[in-house]
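# Working through the structure, step by step
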Protein chains: 2
Amino acid sequence: MDNNTYVVIMAGGIGSRFWPFSRTNYPKQFHDVLGTGESMLQMTAKRFQDICPPENVFVVTNRDYEHLVKEQLPHLSKNQILLEPIGRNTAPCIAYASYKIAQLNPQAQLVVTPSDHVVLKQEVFTHVIKEAVQAASQDDVLITLGITPSRPDTGYGYIQYISDATQNIKKVKTFTEKPNLELARMFVDSGEFVWNSGIFIWSAKSILRAFHQYLPEIAEIFDEGANFLNTPQEQNFITRAYSHCRNVSIDYGIMEKVDNVYVLLADIGWSDLGTWNSLYTINEKDQNGNVVDGEVILYDTKDCIIKTPKERLVVLQGLEDYIVAEYDNVLMICKKSEEQKVKEFMADAKSKKGPEYI
Amino acid sequence: MDNNTYVVIMAGGIGSRFWPFSRTNYPKQFHDVLGTGESMLQMTAKRFQDICPPENVFVVTNRDYEHLVKEQLPHLSKNQILLEPIGRNTAPCIAYASYKIAQLNPQAQLVVTPSDHVVLKQEVFTHVIKEAVQAASQDDVLITLGITPSRPDTGYGYIQYISDATQNIKKVKTFTEKPNLELARMFVDSGEFVWNSGIFIWSAKSILRAFHQYLPEIAEIFDEGANFLNTPQEQNFITRAYSHCRNVSIDYGIMEKVDNVYVLLADIGWSDLGTWNSLYTINEKDQNGNVVDGEVILYDTKDCIIKTPKERLVVLQGLEDYIVAEYDNVLMICKKSEEQKVKEFMADAKSKKGPEYI
């Protein structure tokens, strides 16, 4: 446990590939997706309990979700919840948190993590993060956790690294965002690629240096207003700052451009749980290959994922390889193989039936 | 319009093949199944408005449904609603109504009808019923309406009649309850069979005579207590009477045995709407063959019947030939070809999840 280590949990997303479960007014990270009794956000916060003191955990979220964060993580102080007026992707979010924490502790090491991923191997995770923090405290490096791919998934970013058997932390050669299936297969077969987990480790100094060099317009905005951070003026400043920040991801804006990026291969039982299929993959199946969360009676039904409200009895007959999902007055039934259409469903639901359905 | 004509609407059934839409506490006949704004019971009552005065319409139902009948047919007096303490099939139900009406008017002609069937050709229906009533008032005959079969349906009873081109009303040769598919095909091909609509026309005298001859134990019960009918003691008497009546249908108990049974061929646009497939058949389809009643967005979906609550958005992808039905906290998805399993689903829902689901 290191007092200089800080965790930034990014909890402002919508999780739209998980519709109708993930919704504008109650996104995925606030749901108990795995049925463990804890939300993804709560599981994420707990994941760092042996890594840094609880007062060093910061959550960045949209202002609309402030009440949800307070409800789910009641031990956080007001200063530990960073409220974005609008989503501007990961770069402004990370700039905000990094500037704020750097002002509190210029020697800070930051671990930046999504709020809606799952990590099954807690002990390995703690060990790996500590190793990365240690490295980031010694050198001017930006580290990302890399996951050895188990399949040619086209929904992930891939990182090619330079093999070096003497080092756990490998130098990154290239980043590739969501490749097509053919490319993904080549990546997996080559053995030189890992999935980009979106979990980053760096010192506050290193990431601020990178912002100045690669996203100078964002650095300028936060340099000018840095004195407002951790003061009663912070919210007003952030409202102004975000109105000037463009939408840009940390991967595109910095990671793919800098030359001091490293990847730490981490076998941590990771999934981004970004899609219905990933939820299907990670869950236990019944004897017919069904993943069931709900009051369900099944006949001639196999390889389905069913997630419906406890209070509703669901009787299914003759379904194979389907998603059956109901949440907050939306029922969706869709072939598992067609789940990429969920975003189209959402858009149509909004335009044809109304914004309350997304 | 004839003051001696009376209508008996049998409204005590459960409609279990229509689960989860038809439910113990709200059976099919009380639903607006066709989405016309009127329940099946209301449509049935209205069907007779040119046949007899409204005070001659009697509804027999279970005591549990008294409030539903009063709500849906508020013009009925208390004496027009006959309450059964327990369902004992059609013979006791018809005996009760026939004895009661015969006491009010010994010259009564009765039309007995289910409460949950559909008749699309109202004018033909009125004409046919009047013709049958006329015949029943002149001769000691028991008449049933026969429907020319459009398909070898195994869910209906079949009536074989003796061809006689000089008579509209044909003498019945045999009754056959729900034949297997092979037999049903032979029946349809022969041209000598019609479906038994379950709509009966006879004089009170004729049906009481038939009860005395073929179901004497039921006749005896009602003969003994006839003086209680249409008095404040009626309910008490009926409770005792039903505890002694065995469960027997009018078809099995009388129609299949007597030799003065006739069938009137009636092209009235009839369906018993007994099953999801019959509801599918009778309804208008969209361009992909779907019957939709609900807030629905469809993708790659054809030949389905979808009946879901208005307040829920239902998004379906990749379904063909399915029933998707939700009512009162039960969602059922089932291949149309497997709808005979609905009774099994109901039984399992009750035993595994609780009586509130049936």
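See the structure shown above.
For clarity, every value in this text was computed on a predicted model and none was experimentally measured.

On to the overall build of chain A. Helix and strand content of chain A: eleven helices and 17 strands. For 358 residues, the compact-globule estimate of 2.2 N^0.38 gives 21 Å, and chain A sits close to it at 21 Å. A sequence separation of at least 24 residues applies to 68% of the contacts in chain A between residues at least 6 apart. Taken as a whole, chain A presents about 14,900 Å² of accessible surface, with 48% of it coming from carbon and sulfur. In chain A, 35 positive and 46 negative side-chain charges are present, and the distance between their average locations comes to 3 Å.

Another point: the interface of chain B and chain A. If you look at the interface, chain B gives 33 residues, while chain A gives 33 residues. Between chain B and chain A, roughly 3,000 Å² of surface is buried when both sides are summed, and carbon and sulfur atoms account for 55% of that area. The largest share of the area that chain B buries against chain A comes from Leu313, Gln317 and Leu331 of chain B, three residues that together contribute 22% of it. Counting across the chain B and chain A interface gives six salt bridges. The closest approach of N and O atoms between Glu295 of chain A and Lys353 of chain B, which form a salt bridge, is 2.7 Å. Between chain B and chain A we count 24 residue pairs in polar contact (both at pLDDT 80 or more) in total.

Moving on, we get to helix α4 (residues 122–138) of chain A. Taking 1.5 Å of rise per residue, the 17 residues of α4 of chain A would be expected to cover 24 Å, and the 25 Å separating its terminal C-alpha atoms lies within 8% of that figure. Within α4 of chain A, the full set of buried residues consists of Phe125, Thr126, Val128, Ile129, Ala132, Val133, Ala135 and Ala136 of chain A.

Residue and element names in this part refer to chain A. All told, the structure shown has 35 salt bridges over all chains when counted by the stated rule. Here Glu326 and Arg312 are joined by a salt bridge, their closest N and O atoms 2.5 Å apart. You can see Glu326 sitting in strand β16 (residues 322–327) and its partner Arg312 sitting in the loop between β14 (305–307) and β15 (313–317), a full 14 residues away along the chain. Relative accessible area serves as the criterion here: at 2%, Glu326 is assigned to the buried category. Classification of Arg312 as buried rests on a relative accessible area of 7%.

This next bit is on the side chain of Gln72 of chain A. Residue and element names in this part refer to chain A. On the secondary structure map, Gln72 appears in helix α2 (residues 66–72). Of the polar contacts made by the side chain of Gln72, one reaches the side chain of Ser39; its length is 2.6 Å. The residues contacting Gln72, other than those within four sequence positions of it, are Tyr26, Gln29, Phe30, Ser39, Leu41 and Gln42.

We now examine helix α8 (residues 234–244) of chain B. Residues and elements named next belong to chain B. Within the sequence span of α8, burial applies to Glu234, Phe237, Ile238, Ala241 and Tyr242. Across the axial projection of α8, the buried residues extend over an arc of 130 degrees, all falling on one side. Pointing more than 90 degrees away from the buried face of α8 are the exposed residues Asn236 and Ser243. On its buried face, α8 is in contact with β3 (81–84), α3 (90–104) and α7 (216–225).

Further remarks concern unusual backbone geometry. Residue and element names in this part refer to chain A. Between Trp19 and Pro20 the backbone carries a cis peptide bond, its omega angle lying at 5 degrees. The residue Pro20 is located in the loop between β1 (5–10) and α1 (40–46) in this model. Of note, Asp303 is a non-glycine position whose phi angle comes to about 55 degrees, a positive value. Note that Asp303 resides in the loop between β13 (295–299) and β14. Residue classification places Asp303 among the partly exposed residues on the basis of a relative accessible area of 23%. At Asp321, a position not held by glycine, the phi torsion is positive, near 65 degrees. Structurally, Asp321 is set in the loop between β15 and β16. Accessibility expressed as a relative area gives 33% for Asp321, which makes it partly exposed.

Topologically, Ile51 of chain A is positioned in the loop between α1 and β2 (57–62). Separated by 60 residues in the primary sequence, Ile51 of chain A and Val111 of chain A have C-alpha atoms spaced 9.7 Å apart.

In this section: the sheet that holds strand β15 (residues 313–317) of chain B. Hydrogen bonds along the backbone pair up the strands of a sheet, which may run parallel or antiparallel. With respect to topology, six strands assemble into an open sheet ordered β12(A)-β14(A)-β16(A)-β17(A)-β15(B)-β13(B), the strand pairing being mixed. On the outer flanks of this sheet lie β12 (291–293) of chain A together with β13 (295–299) of chain B, each paired with one strand and no other. Shown here is a sheet whose adjacent strand axes are inclined to one another by a mean of 10 degrees, direction ignored. Two elements, strand β17 (residues 330–335) of chain A and β15 of chain B, share four bridges in a ladder whose sense is parallel. By the bridge assignment, Ile333 of chain A is partnered in β15 of chain B with Leu316 of chain B. Packed on one face of the sheet, helix α11 (residues 342–353) of chain A meets β17 of chain A together with β13 and β15 of chain B and runs near 140 degrees to β13 of chain B.

All names here are of chain A. Locating Val342 in the fold gives a position in helix α11. You can call Val342 buried: its relative accessible area is 0%. Setting aside residues no more than four positions away along its own chain, Val342 makes contact with Ser16, Arg17, Trp19, Trp276 and Met332.

This part takes up the relation of the copies chain B and chain A. In screw terms, the move from chain B to chain A is a rotation of 180 degrees and a rise of 0.0 Å along the axis, fitting with an RMSD of 0.0 Å. The operation mapping one copy onto its partner corresponds to a two-fold rotation axis. Relative to the rotation axis, the C-alpha of Leu319 of chain B is the closest in chain B, positioned 4.5 Å from it. When the interface residues of chain B are mapped onto chain A, 100% of them again fall at the interface, so both copies present the same face.

Rules used in this analysis
Residues numbered from 1 in each chain as written. Chains lettered and ligands numbered in written order. Predicted model: local features only at pLDDT ≥ 70, side-chain atom pairs only at ≥ 80, totals over all residues. Heavy atoms only, no water. Helix = DSSP H or I, 4+ residues; strand = E, 2+ residues; numbered from the N terminus. Rg over C-alpha atoms; globule rule 2.2 N^0.38 Å. Contact = heavy atoms within 4.5 Å. Areas by Shrake-Rupley, 256 points an atom, 1.4 Å probe, with all protein chains shown as cover. Lys, Arg positive; Asp, Glu negative; His and termini not counted. Charge placed at Lys NZ, Arg CZ, Asp CG, Glu CD. Buried area = accessible area lost by both parts, 1.4 Å probe. Salt bridge = Lys/Arg side-chain N within 4 Å of Asp/Glu carboxyl O. Polar contact = N/O pair within 3.5 Å; in protein donor to acceptor, adjacent residues only side chain to side chain. Expected span 1.5 Å × (residues − 1). Buried < 20%, exposed > 50% of the residue type's maximum accessible area, 1.4 Å probe, protein only. Arc of directions from axis to C-beta. Pairing = 2+ DSSP bridges. Axes fitted to C-alpha atoms, helices over the stretch in contact; angles between N-to-C directions. Least-squares fit on C-alpha atoms with pLDDT ≥ 70 in both.

Just distances and angles here, no functional claims.
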